[in-house]
Structure formats: structure tokens, C-alpha cells
Amino acid sequence: MASAPTALILGAGIMGLSAAWGLARRGYAVRIVEQDAVPNPRGASVDHHRLIRHAYGAQAGYMRMVDPAYAAWDMLWRDLGEVLHIPTGVLAVSGTAQGWLGDSRATLAADGHAVTDLTAQQVASRFPIFTEAGIGAAFHMATGGVLLAERIVAGLARLLAAHGVVIERARAVDVDPARATLRLADGGERSADLLVVGAGPWAPRLLPAALAPRVVASRQVLVLLEPPPQHREAWARAPMLLDLAEDGGFYAVPPVAGTPLKIGDHRFSRTGDAEADSRDATAAEAEEILAFARPRLRDMAGYRILGARACYYDVEDGERFVIEPLSPRCLVMSGFTGHGFKFAPVLGLALAAASSDAALLGALTPWAAGQAAPAPGLLAALEGIPA
Ligand SMILES: Cc1cc2nc3c(=O)[nH]c(=O)nc-3n(C[C@H](O)[C@H](O)[C@H](O)COP(=O)(O)OP(=O)(O)OC[C@H]3O[C@@H](n4cnc5c(N)ncnc54)[C@H](O)[C@@H]3O)c2cc1C
């Protein structure tokens, strides 16, 4: 009797775990090598939350990936036995009707997604936690929400372990794509029929020839807040806020399901080292983020700062995901920048479908880069799952 094909995965962030999920569903015997505990607070996948939304500027490819992404999450919720998504809707505001907001509105409309345009006054009256200062254009979209990231990563790791996936705590120091082999810090080696490298912001250092300088690690700062008592009820029903400006702007994640309110910005620092650097944010780093939020959050002086921390993105300049073969037996998953989490399960399922089909493998790379529709068969696992 033929034995099951084997897969070795480097990294137990959401990408490595999702690839493991997809491959295990297809009958692979899967081993994951991860240097830290899972969930890993040093990883890009782990804090309380990540956002899922259709608004994607002019990037129609990623906008169109969101419905399959929701279908893949539904499949995962079924496997996990719980739903770790809180619907909030999306409020996008900007100083101008052009740029990212205008592109999003046009791209959404072209595909028939309903958004409600709002004036600055309507923003402030419908959502009194926000001010109308400087708003030149705004829209609300009912679909979109918060993925409870840390709980998802923990739940997925437990699910995989229950299905026989081994998560080994070890540090890989070298990747040999041709032999689908990892060399470990203790001198040992691990090999499989297929190797998937999902090393997050560590990847450019580990695979410089394949990724650097196309993908770079980027230190990003976020601040956790507690709203003042008079605004807590409104925040409990608030949409995610995307407050966009010429130089990037900021986002706010509502305090859902017992999590804190989180704010961060969308400028890429393109500096730092995921391995060597502290995840503590300095007061100056936190202040840069708070300065974005101050004009937008009403009564900002009453918000309590709960903490500030840094995380690392693996930034690809065009924010395009890199899922590419490094050899016939090795795939890299990288370049997820600040928007990969929402797509992890659908990418894991697609990678698994492509793992044993050369034609699908050729179609996986441009689709993951947001530049092509999914080839027939790439999303076969989602057939029959309502989006
Ligand atoms: C603050 C923040 C906010 C974000 N917000 C959103 C959002 O709202 N919506 C969204 O869709 N996306 C968002 N993202 C992006 C998304 O979270 C990331 O793209 C995604 O989590 C990347 O997952 P990953 O598995 O590739 O990386 P990671 O989670 O970093 O996992 C990589 C793992 O590989 C391990 N590893 C690396 N090198 C080695 C080695 N040599 N040996 C052993 N193990 C190794 C690491 O320890 C790590 O655990 C955000 C990211 C951050 C940081």
C-alpha cells in the first residue's frame, strides 16, 4: 500500500498553519517546524485581532479574493467548531474623494458591492465616537469584521495536532529547496516530499536569494486603548475605521469580544529585524500613532492607553503576495505585508490543491499576487460552501 505523501512546513504562523490544514485535508502527513511557542507573540499573526474587508483600493484581485476567503473561514469554523469572526462593517474616511477611498468605491461598485456614501456630518452623527474633522469623503460598507487572530492561531494549532500534525519546536538555519530539507540549529535535518516555507518577516533573511530585496521586514507599531465610559457602548457597535490620508493614515479595530481597541498606521517603516528586535514600542513610536488618532476620536484625552507594541510585516512593495515554487519540491509563502491574515485559509486550500498539479501551481502564483482570477480547480475545496 502506498504511504501518504509527506509535507514539511517551516513556521507556525497563520500561513504555515493554514498550509498544513489544506495539505492535511488532502491526505498529507504534515510536520511543522517552529522556533517559538504557538501562538507566537513575536510572529506577524498574533495579537488580538485582524481585519477582513472588501475595500481594497484599485486592487480588484484582492477584493475578489475576499468572498472565497470568507468561504474558507466558514470551512475552518466548521472544523474548529466555533466562529472566531465578529462582524462590524467598515467605515472608510478620507480628506479627499480621490486616492485609495475613491479607487475602493469605484472597484467595489464595478463588482456590484453596495456601499453607502456619507458626508462628514453624517459620519459624526451616525458614529458620534468619531469627529468630522477634515473628512472630504466617506463610505460605510455593511460587510467586514474582526478575526480573533490569537484565538484562531491557537485553535488551528490544536485542530491540527488532534489530526496528527506534528509541531516541532526547533530553529531552522538553512533551507535546501531542491532536497525539500531544513537544517536545524542542533545540526539535525528534516525532509519531506514537499517543503513549504512560511517564515513571515524572518523569510527575507532566511531566503535572501529568492526574496531580498523584493520582500523586506518592516517594524510596525500599534497602540491599545480603552475608550472612556461615555463611548463604550457606541464602540461595542462600531465599524472598523479606515482613516486614509495621502501619507498612509491609520486604522482602528473596535474592542470586540473582550479585546481592547487597537489603532495602527499604514505606513511601512521598512526597517528592523524580526529576530533581533524587541517587540516593545518606545513612547515616541506610540506617540506617532496617537497623533493620527487624536483628531479623529472624539474626547481622545479620555482614552486610557493600555500599551503599545511593535510587530513585523514582510513587505512586498506592491503589497502582492509571493507564493512561488523555489524548486519542484519547495514553495515559499511570503510578502503578506499588512493584509495577509484574512486570506490565509483560502491560500492554504489553494496551495494544497496546487501542490500535486503543475498546471494549478502555475496559476497559483499570479492569483496569489492579486493579478489573475483563480484557475478552475484552484478553489475546488470551496465548492458548495456558501460565500
Ligand atoms: C500589527 C499587524 C496588523 C495586521 N493587520 C492585518 C489585518 O487587519 N488584516 C489582515 O488580513 N492582515 C493583517 N496583518 C498581516 C497578517 O497578520 C500577516 O500577513 C500574517 O499574519 C503573516 O503570517 P505568517 O504566518 O506569514 O507570519 P508569522 O505569523 O510571522 O509566522 C512565521 C513563523 O515562522 C517562524 N519562523 C521563522 N523563521 C524560523 C526559523 N528559522 N525556524 C523556525 N521557525 C521560524 C516564526 O517564529 C513565526 O512563528 C497584520 C499584521 C500585523 C503585524
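Caption draft 1: Representation of the packing of helix α10 (residues 344–354) against helix α11 (residues 358–368). Where α10 contacts α11, the axes come no closer than 8 Å and their chain directions differ by 155°. One way to sum up the angle between α10 and α11 is to call them roughly antiparallel. The two elements α10 and α11 cross, and the hand of that crossing is left-handed. On α11, the residues touching L347, A350, L351, A353 and A354 of α10 are L360, L361, L364 and A368. Looking at the contact of α10 with α11 residue by residue, the class counts come to nine nonpolar, no polar and no charged.

Caption draft 2: A look at the environment of R296. Within the element layout of this structure, R296 appears in the loop between α9 (283–293) and β18 (304–316). Along the sequence, R296 and V83 sit 213 residues apart, while their C-alpha atoms lie 31 Å from each other. Other than its neighbours up to four places away in sequence, R296 contacts F130, T131, A133 and D243.

Caption draft 3: Focus on the site of the ligand. Among the 36 residues in the neighbourhood of the ligand, the closest are listed as G11, G13, G200, F336 and G340. Residue assignment for the shell around the ligand shows that the elements contributing at least two residues are α1 (14–25), β2 (29–34), β3 (50–52), β14 (215–226) and β18. Per-element accounting of the shell around the ligand gives the leading share, three residues, to α1. For the shell around the ligand, the residue count by class is 17 nonpolar, 14 polar and five charged. Looking at which domains feed residues into the shell around the ligand, each of domain 1 (6–52 + 149–213 + 318–382) and domain 2 (60–148 + 215–316) supplies at least three.

Caption draft 4: Local environment of the sheet that holds strand β8 (residues 145–147). Taken together, the three strands give an open sheet; going across it, the order is β3-β8-β4, and neighbouring strands pair in antiparallel fashion. Two strands bound the open sheet, and with one partner strand each, they are β3 and β4 (85–87). Within the sheet, the average angular offset between the axes of one strand and its neighbour, ignoring direction, is 25°. For β4 and β8, the ladder comprises three bridges, and the chain directions are antiparallel. When the sheet's bridge partners are listed, P87 is paired in β8 with G145.

Caption draft 5: Structural view of the domain arrangement of the protein chain. Per the domain assignment, the segments making up the protein chain are domain 1 (6–52 + 149–213 + 318–382) and domain 2 (60–148 + 215–316). Spacing between the C-alpha centres of domain 1 and domain 2 amounts to 26 Å. Contributions of two or more residues to the side of domain 1 that touches domain 2 are made by β3, α5 (149–162), α6 (203–206) and α10. Looking at the side of domain 1 that touches domain 2 residue by residue, the classes come out as 23 nonpolar, 11 polar and eight charged.

Caption draft 6: Examining the sheet that holds strand β12 (residues 189–191) more closely. Pairing within the open sheet is antiparallel, and its three strands lie in the order β10-β11-β12. Each end of this open sheet is capped by a strand with a single partner; those strands are β10 (172–176) and β12. Adjacent strand axes in the sheet meet at a mean angle of 20°, parallel and antiparallel pairs treated alike.

Caption draft 7: Representation of unusual backbone geometry within the structure. Residue P39 follows V38 across a cis peptide bond; omega there is -5°. Within the secondary structure, P39 sits in the loop between β2 and β3. Note the cis peptide between A212 and P213, where omega equals 5°. Here P213 shows up in the loop between α7 (208–211) and β14. A positive phi is found at A180, a non-glycine position, where the angle reads about 50°. Mapped onto the fold, A180 is located in the loop between β10 and β11 (181–184). Its identity as a non-glycine residue notwithstanding, D299 has a phi of 60°, on the positive side. Within the secondary structure, D299 is located in the loop between α9 and β18.

About the thresholds
Residues numbered from 1 in each chain as written. Predicted model: local features only at pLDDT ≥ 70, side-chain atom pairs only at ≥ 80, totals over all residues. Axes fitted to C-alpha atoms, helices over the stretch in contact; angles between N-to-C directions. Helix = DSSP H or I, 4+ residues; strand = E, 2+ residues; numbered from the N terminus. Parallel < 35°, antiparallel > 145°, perpendicular 65-115°, else oblique. Left-handed = near helix turned anticlockwise from the far one by under 90°. Contact = placed C-beta atoms within 7 Å. Nonpolar A, V, L, I, M, F, W, Y, C, P; charged D, E, K, R; others polar. Near = placed C-beta within 6 Å. Domains from an automatic or database assignment. Pairing = 2+ DSSP bridges.

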